[in-house]
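# A structural walkthrough
These are the residues of each chain, in order.
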Amino acid sequence: MKKEQILHGKACLEVSLGDIVMQKDMDAIANAANAFLRVGGGVAGAIHKAAGPELEKEAMDKGPIKPGQAVITKAYNLPNKYVIHVLGPVYDRDVPHDKYLADCYSNALDLCEEYELGSIAFPAISTGVFGYPIEEAAPVALKAIYSKMPSLKFVKKIRLVIFSERDYAMHIKALKEL
Ligand code: ADP
């Protein structure tokens, strides 16, 4: 598997090429959810399909959520303990989009700390249907995670799971520029 990682504080930040539903070694995965926490398409569709219908039942009771907000549910048939659902900004609508995108990563990490989780994998939130250009989203995501790393007590591993070679290259560039 293609991956690169850096250490900061006591935590490790990794960028890897892969599929978010295959992260067996992670305590939690993040879902790029919609406001109502319904199944949806894209990465959310893949996560709900792998988790089974119970995920939507639990998640919908916790919605609707606002851009940047994060809520946690069990992970059902996924190989993880929890799913942390975040609502990314719609690029043209939810401004300032960089603040809302950074809040997604930061609030998800706060939930991990609250639940004393050691690891979380994120997809590239908002970079699909929500239209956030990958070359702009990658540095925002990586900087948001990196700046929180020294304050993390429980989370030791954060993985960004990137779905295409092109998007992976953008994230590696942003990782090297941290
Ligand atoms: P959003 O609505 O937040 O834009 P999308 O699901 O449309 O969310 O896309 C977010 C990102 O997730 C896109 O870059 C897309 O390529 C990627 N993606 C889609 N499926 C997967 C998957 N199974 N694992 C990891 N990333 C995925």
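So, here is what we can say about the structure in this document. Computed from a predicted structure; not experimentally measured. (Residues numbered from 1 in each chain as written. Predicted model: local features only at pLDDT ≥ 70, side-chain atom pairs only at ≥ 80, totals over all residues. Heavy atoms only, no water.)

Here we come to the environment of Gly63. One can find Gly63 in the loop between helix H2 (54-60) and strand S4 (70-74). A sequence separation of 14 residues divides Gly63 from Lys49, and the C-alpha atoms of the two residues are 19 Å apart. The residues contacting Gly63, other than those within four sequence positions of it, are Ala35 and Leu37. (Helix = DSSP H or I, 4+ residues; strand = E, 2+ residues; numbered from the N terminus. Contact = heavy atoms within 4.5 Å.)

By the criterion of burial, strand S5 (residues 82-86) is predominantly enclosed, with 4 of the 5 residues buried. Here strand S3 (residues 28-32) pairs with S5 via 5 bridges, running parallel. Note on S5: the bridge partner recorded for Ala32 is Val86. (Buried < 20%, exposed > 50% of the residue type's maximum accessible area, 1.4 Å probe, protein only. Pairing = 2+ DSSP bridges.)

Here we take up the packing of helix H4 (residues 134-148) against helix H5 (residues 165-176). Packing of H4 against H5 brings their axes to within 9 Å, and their N-to-C directions diverge by 45 degrees. What the angle tells us is that H4 and H5 run oblique. The interaxial crossing formed by H4 with H5 has right-handed handedness. Contacts between H4 and H5 involve Ile134, Glu135, Ala138, Pro139 and Leu142 from the former and Arg166, Asp167, Met170, His171, Ala174 and Leu175 from the latter. Along the lines of polarity and charge, the residues of the contact of H4 with H5 split into 7 nonpolar, 1 polar and 3 charged. (Axes fitted to C-alpha atoms, helices over the stretch in contact; angles between N-to-C directions. Parallel < 35°, antiparallel > 145°, perpendicular 65-115°, else oblique. Left-handed = near helix turned anticlockwise from the far one by under 90°. Nonpolar A, V, L, I, M, F, W, Y, C, P; charged D, E, K, R; others polar.)

Per the counting criterion, the structure on display carries 0 disulfides. With no disulfide of its own, Cys12 lies 15 Å from the sulfur of Cys112, the closest cysteine sulfur. Take Cys104: it sits in no disulfide, and the sulfur closest to it among the cysteines is that of Cys112, at 13 Å. (Disulfide = S-S within 2.5 Å.)

Function-wise, these values are silent; they only describe arrangement.
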